[in-house]
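The lines below spell out each chain.
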Amino acid sequence: MSLAPALQSRPAVTPLAPWRFPVPRHDRLGNGVTLLTHHMPGQHVATVTCHLGIPASAEPDGCDGIAAVMAACLGAGAHGITAREFEQRAAAAGITWTAGPGWTGPSITLELPARQFPAALDLLYWAVAEPAFDPAEVAGRVQLAAAGIAGAAAVPATRVLQELPAAVYGGESRAGRPAEGTLAAVAQLTPDMIARFYDEQVRPAATTIVIAGDLTGQDATRLAEEALAVWRDNRPAGGGVPQPEPALRRQPAAVLVNQPGAVQTQLLLAAPVPGRGHPGWNALQVAARILGAPLTGRLDAQVRERSGDSYTVQAGLTELVPGNGLMLVTGAVDGPATPGTLADIKDILAAPLRDGFTPAEHTAAAEALAGMLPLAYETPAALAAITADLAACGLPPDYLDVLLDDIAGLTAEAVNGAYQSHLGPDQLTLIAVGDAAVLAGPLRELAAPASLQVISA
Amino acid sequence: MTLSYPVAQHQLGNGLRVVVSEDPAAPSATVHLHYDVGSRHEAPGRTGLAHLFEHQMFEGSRNVAAGEHAALMHACGAVFNAATATDMTIYFQHVPAGAVELAMWLEADRMATLADGLTQERLDNQRAVIAQEKHQRYDVPFGSIEPRMLKLVYPSGHPYHHLVIGSVSDLNAAALDDVTGFFRTFYAPGNAVLAVTGDVTAEQVFDAAERYFGPVPAGPQPPHVPARVLEPASGQARDDVAEAVPFAVTALGWRLPPNSVTDPEIFACDMALRILAGGTPSRGHQVLVRELQAAQGLSTLTDPRTGGNSLGMITVPAMPGVPAGLIEKALGAELDALAADGPGEEELACARAAAERETLAHFSSSQGRAAALAQFATAFGDPGLINSLPDRITAITADQVRQAAATWLRPESAAVVTIRPAAPADSGLSPEE
């Protein structure tokens, strides 16, 4: 054996096989429920997601988060079934049950052995059609939701996200408050309020159920029809409060949440961009990738690979409110080095406004996105999540195909143009969680012209 | 349920074992390289070296510039990463099928020639990055439970006493020679398993492995580090800390038996932990969440290890205002009851169903299957164990669970870590701003 191995030369990558998003089978059940089904042979663990289609704008004034708490209560027993019995049935079948908040409405997600579809759909029927809203159980869920919000406020990585809506949209509009609600709003919810909200809002016609997993030998449509047929409710849903389109604050906010003694600073920068489906969003996907890919992005190249002042700072696009995009830059950075790191980040975000991105950067980012998207939806959990999200946001099932085709056709000039027209230098919202005794002065200067608001943890 | 993932194996002349599980329906593949080295192999005063070394693996080798591994993988859309644990270090690339050979070539180049790419400058940079990684994970509210627990569960000098990420002073003391020495000692083909899953054929992978990894010299046999298995602890070790948090979190930790393919005791311990604290049907949930409304929920951890005792934990965030002692007392009563009487059939069935679902969910991705195949090949010499794992878990009996609870999960052998609010507990729930 030679000590200096004669390694082969670097192999080429063979071209990607053409990929199209696996469009789900679409059914409308007799009672109006929308059913979207992905048959995934070989996937023994399936996902069922039930999206209730109740937007945050339907929540009564002062009751932010009631939709999510109401959804959490749907697993807490049904008529003739105690909460404990309900949980026991789910557990005996190996079914997990999780309710979560969302701007377009709360959802319930079940993970289950694929052979347990009938049991899962039966439980779902009892939960959405015949919930008990036992006062003691509901009070317990309210307390749990409040404790969850308090816990997230104590942890920097989640605290910055809690501060984000108000910092971007201002706390007066619903868009400016978290989908899961605030501690104050959630803590005062009563069992009566929650039961009434259910009665006014939960309807078959607004509900979408997504099923993903190995359905060999099972007819999902027939199973869903049988399980849910009895649930009939054609009453119009309550109107809620008409909401204007989310409006940005006139001046971007700068917020420092004081965490005395913190050794790191959690940073979150946000810039408003067009929403999904807009050509600008597609072009900015490429830009965000160039700036914020882990390890290879411009941000990590500086703050990780050169200065070593962060484990990672990444950038990406998201929507808090459908149709309204945000580019987010986020990471935890060394406490004392925060002012210098923040200045570096702002320089990195500003540089393409002058010089654009290089053609090589554009090509690499566009190819990365083309390769990555197909890999992201191989499991039932991932496929069910994106399918439910697209449906809830009113995006077409072939949305990702159009996105990929559009990105493939973009020129470097088009990406530069989109960045330069959508990301103004004075559009950055800044949220930081760190030690105000050290940071308040320097951040005040870096945040200008915005005035820094320091709040206690 | 018995699984039927296809498993094909081949060993190269230099000792590298190659495992393939074909899945022609998948649009992608995973190339996963598992090295039989982790933080348990570190010498005293050099904690964190295995993980520091993992970072160096992205800093270039003879034919790959610093950062080029990441750039080449990103350019084809791959998702890649690496992880260091107590008993293993893994590197994986989830790639479009057309990039399998590129990923294998990249792994082979760094296995053969990593030492060529090491520089003091890159070492210093990654040391700084790791210090930030450590702050981000452990120096945040609720973040110190794991390091505190390890110190209590495993005695000083035990290979599992320290965090995988190591101490900052040890990392600062690590020299380039230490890193090179670690590479020459542990990163040999005979100390590794390559697992490839997804849209590939076994023949194609074996052929590519011969071409890319075949020329890598066999290297010396790594030193054998014997397993250090201890009895359950006696006398409760405690660590109690006050932080700016809105509620207390209590964690109980135990030494458990090592992972084994012949002795199901570790599975029985896992079942016992699930029955005590695994989700809504558990005894802990019924008492602490439903009846007393004292806790937000309970979670369990079973971390099976081969170089000594496995780790078992129950973690309970309390409701605001509830003292941690109440949680510990209630759990103690449940631990005693399970050890005395064992589980009922219904609760055992729930624990089995959850364990089976979690195992199958782990295998739902090509990465999960590749990781399991490589781990079984490394720890037990048989990647085919993947197919019988669900059956081996669900075969655990009520008596085995009772025995496991009575032997390993005694309240008096638990280490207890408490994070409690520095201010009065109810301050966390007063509306702010």
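Each residue is numbered by its place in its chain's sequence as written, counting from 1. Note on labels: chains are lettered from A, ligands numbered from 1, in written order. Predicted model: local features are reported for residues with pLDDT of at least 70 only, side-chain atom pairs are reported and counted for 80 or more only, and whole-chain, interface and lining totals are derived from all residues.

Residues are defined as contacting one another if the C-beta atoms placed from their backbone atoms lie within 7 Å. Across the boundary between the two partners, chain A contributes 67 residues, which contact 68 residues of chain B. Only runs of H or I of at least four residues qualify as helices and only runs of E of at least two qualify as strands under DSSP, and these elements are numbered from the N terminus. Counting residues per element, the ones that place at least two in the side of chain A that touches chain B are helix H2 (83–92), strand S5 (107–113), helix H4 (135–154), helix H6 (183–187), strand S9 (310–321), strand S10 (324–334) and helix H12 (359–375) of chain A. Residue polarity follows a fixed list, in which Ala, Val, Leu, Ile, Met, Phe, Trp, Tyr, Cys and Pro are nonpolar, Asp, Glu, Lys and Arg are charged, and the others, Gly among them, are polar. Class assignment of the residues belonging to the side of chain A that touches chain B gives a composition of 41 nonpolar, 16 polar and ten charged.

Residue and element names in this part refer to chain A. Note on pairing: DSSP must find at least two bridges between two strands before they are called paired. Spatial ordering of the open sheet is given by S1-S2-S6-S3-S5-S4, a layout of six strands whose pairing is mixed. At either end of the open sheet lies a strand with only one pairing partner, and these are strand S1 (25–28) and strand S4 (96–100). In this sheet, neighbouring strand axes are inclined to one another by 15° on average, regardless of whether the strands run parallel or antiparallel. Here seven bridges tie strand S3 (residues 45–51) to S5, and the two strands are oriented antiparallel to one another. Each bridged residue has a counterpart across the sheet, and for Cys 50 the counterpart in S5 is Ile 108. Along the sheet, helix H3 (residues 117–129) contacts S3 and S5; its crossing angle with S3, the most-contacted strand, is approximately 20°. Axis definition: a line fitted to C-alpha atoms, limited for helices to the stretch in contact. Angles are taken between N-to-C directions and run from 0 to 180 degrees.

This part is about the domain arrangement of chain B. All names here are of chain B. Note that the domain bounds were set by an automatic or database domain assignment. Annotation of chain B at the domain level lists domain 1 (8–213) and domain 2 (238–426). One C-alpha centre belongs to domain 1, the other to domain 2; they are set 28 Å apart. Taken together, the contact between domain 1 and domain 2 spans 35 residues of the former and 31 residues of the latter. Those elements giving two or more residues to the side of domain 1 that touches domain 2 turn out to be strand S2 (17–22), strand S3 (28–35), strand S5 (89–96), helix H5 (145–153) and strand S6 (192–198). Each residue belonging to the side of domain 1 that touches domain 2 can be placed in one class, and the counts come to 17 nonpolar, twelve polar and six charged.

Turning our eyes to something else, we now look at the domain arrangement of chain A. Residue and element names in this part refer to chain A. Here chain A is partitioned into domain 1 (25–228) and domain 2 (254–456). Taken over C-alpha atoms, the centre of domain 1 sits 29 Å from the centre of domain 2. With 29 residues of domain 1 at the interface, the matching set in domain 2 holds 25 residues. Secondary structure elements with two or more residues in the side of domain 1 that touches domain 2: strand S2 (34–39), S3, S5, helix H5 (156–169) and strand S6 (208–213).

Core analysis: the largest hydrophobic core is formed by 286 residues, its most contacted members being Val69(A), Ala287(A) and Ala272(B). A per-element tally of this core places helix H9 (residues 265–277) of chain B first, with ten residues. Excluding residues that lie within four positions of it along the chain, Val69(A) makes contacts with Arg141(A), Val142(A), Ala145(A), Val186(A), Leu189(A) and Ile194(A). Here a nonpolar core is just a set of buried residues of the types Ala, Val, Leu, Ile, Met, Phe, Trp, Tyr and Cys, joined wherever their C-beta atoms sit within 7 Å. Any residue whose C-beta has 12 or fewer other C-beta atoms within 10 Å is treated as exposed, any with 20 or more as buried, and any in between as partly exposed, C-beta atoms being built from the backbone.

Residue and element names in this part refer to chain B. Running from N to C, H9 and helix H15 (residues 398–408) cross one another at 85°; their axes reach a closest spacing of 8 Å. By the criterion of interaxial angle, the relationship of H9 to H15 is roughly perpendicular. Contacts between H9 and H15 involve Glu 265, Ala 268, Cys 269, Met 271, Ala 272 and Ile 275 from the first element and Gln 400, Val 401, Gln 403, Ala 404, Ala 405 and Trp 408 from the second. The residue makeup of the contact of H9 with H15, split by class, is nine nonpolar, two polar and one charged. Throughout this description, any angle smaller than 35 degrees is read as roughly parallel, any larger than 145 degrees as roughly antiparallel, any in the 65 to 115 degree range as roughly perpendicular, and the remainder as oblique.

Let us look at the pairing of S10(A). All names here are of chain A. In terms of burial, S10 is largely enclosed, as ten of its eleven residues are buried. One ladder, built from eleven bridges, connects strand S8 (residues 264–274) with S10; its direction is antiparallel. Counterpart to Leu 269 in the pairing with S10 is Val 329. By the bridge criterion, nine bridges tie S9 to S10 in an arrangement that is antiparallel. What sits directly across from Leu 317, in S10, is Met 327. In textbook terms, the turn of a hairpin is the stretch between consecutive antiparallel strands, and for S9 and S10 this stretch comprises two residues, one of which, Gly 323, has a positive phi near 90°.

A separate point is H5(A). Residues and elements named next belong to chain A. To estimate how far a helix should reach, multiply one less than its number of residues by 1.5 Å. With 14 residues, H5 extends 21 Å from end C-alpha to end C-alpha; this agrees with the ideal 20 Å at 1.5 Å per step. For a residue, the bend is simply the angle between two axes, fitted respectively to the seven-residue segment ending there and the seven-residue segment starting there. When the local axis directions of H5 are compared, the greatest deviation, roughly 35°, occurs at Glu 163, which is followed within four positions by the proline Pro 165. A positive phi of about 85° marks Gly 170, the residue just after H5.

Bringing the packing of H9(B) against helix H12 (residues 345–362) of chain B into the picture now. Residue and element names in this part refer to chain B. At their nearest, the axes of H9 and H12 sit 9 Å apart, and the two run at 110° to each other. Classed by the angle they form, the pair H9 and H12 counts as roughly perpendicular. The hand of the H9/H12 crossing is right-handed. Where H9 abuts H12, its residues Asp 270, Met 271, Arg 274 and Ile 275 lie against Glu 347, Leu 348, Ala 351, Ala 354 and Ala 355. Its residues placed into classes, the contact of H9 with H12 shows six nonpolar, no polar and three charged. Note on convention: near helix rotated counterclockwise from far helix by under a right angle means a left-handed crossing. Clockwise means right-handed.

Residue and element names in this part refer to chain A. By the element assignment, Leu 269 lies in strand S8. A tally of 24 C-beta atoms within 10 Å means that Leu 269 is categorised as buried. Sequence-wise, Leu 269 and Leu 428 are 159 residues apart; in three dimensions their C-alpha atoms are separated by 6.3 Å. With residues near it in sequence (within four places) discarded, Leu 269 still touches Val 329, Ile 345, Leu 428, Thr 429 and Leu 430.

With that settled, the discussion passes to the sheet that holds strand S8 (residues 249–256) of chain B. All names here are of chain B. Read from one edge of the open sheet, five strands run S7-S11-S8-S10-S9, paired in mixed fashion. Strand pairing shows two members of the sheet lacking a second neighbour, strand S7 (238–243) and strand S9 (299–303), which therefore form its edges. The average angle at which neighbouring strand axes cross in this sheet is 15°, direction not considered. Sheet analysis places S8 next to strand S10 (residues 310–317), joined by eight bridges and oriented antiparallel. From the neighbouring strand, Leu 256 faces S10, where its bridge partner is Ser 310. Contacts from H9 reach S8, S9 and S10 within the one sheet, and its direction differs from that of S9 by about 170°. Across the face of the sheet, helix H11 (residues 324–341) comes into contact with S8, S10 and strand S11 (415–421) while running at roughly 40° to S8.

So, on to unusual backbone geometry. In terms of backbone geometry, most residues other than glycine have negative phi values and most peptide bonds are trans. Ala448(A) connects to Pro449(A) through a cis peptide bond whose omega is 10°. With respect to the element layout, Pro449(A) can be found in the loop between helix H16 (436–447) and strand S12 (452–456). Despite not being glycine, Leu295(A) shows a phi value in the positive range, around 70°. Topologically, Leu295(A) is positioned in the loop between helix H9 (279–292) and helix H10 (298–303). Assessed through the 19 C-beta atoms surrounding it within 10 Å, Leu295(A) is described here as partly exposed. One non-glycine residue, Gln293(B), lies in positive phi territory at about 50°. If you trace the backbone, Gln293(B) turns up in the loop between helix H10 (283–291) and S9. Judged by the 15 C-beta atoms lying within 10 Å of it, Gln293(B) falls in the partly exposed class.

In this section: the confidence of the model for chain B. All names here are of chain B. Confidence of the predictor in every single residue is expressed as pLDDT, which spans 0 to 100. Taken over all residues, the pLDDT of chain B has a mean of 94, while the share at 70 or more is 98%. Confidence over residues 425–433 falls short of pLDDT 50; this stretch has 20 contacts with residues more than four positions distant or in other chains. Here the predicted complex carries an ipTM of 0.94, next to a pTM of 0.95.

This next bit is on the pairing of S10(B). Residue and element names in this part refer to chain B. Most of S10 sits out of view: eight of its eight residues are buried. Of the two faces of S10, the one carrying Ser 310, Gly 312, Ile 314 and Val 316 and the one carrying Leu 311, Met 313, Thr 315 and Pro 317 are both buried. Hairpin remark: S9 followed by S10, antiparallel, with six residues in the connecting loop; positive phi at Gly 308, about 160°.

Another aspect to go through is the environment of Pro165(A). All names here are of chain A. Tracing the chain through its elements places Pro 165 in helix H5. Taking the C-alpha atoms as reference points, Pro 165 and Val 321, 156 residues apart in sequence, are found 9.4 Å from one another. Dropping the residues within four chain positions of it, Pro 165 is found in contact with Ala 175, Gly 176, Arg 177, Pro 178 and Leu 320.

Here we take up the environment of Leu189(A). Residues and elements named next belong to chain A. Mapping Leu 189 onto the fold places it in the loop between H6 and helix H7 (191–201). Leu 189 sits in the buried class, given 24 other C-beta atoms within 10 Å. Taking the C-alpha atoms as reference points, Leu 189 and His 39, separated by 150 residues in sequence, lie 40 Å from one another. Beyond its immediate chain neighbours, meaning those up to four positions away, Leu 189 contacts Cys 63, Ile 66, Val 69, Val 142 and Ile 194.

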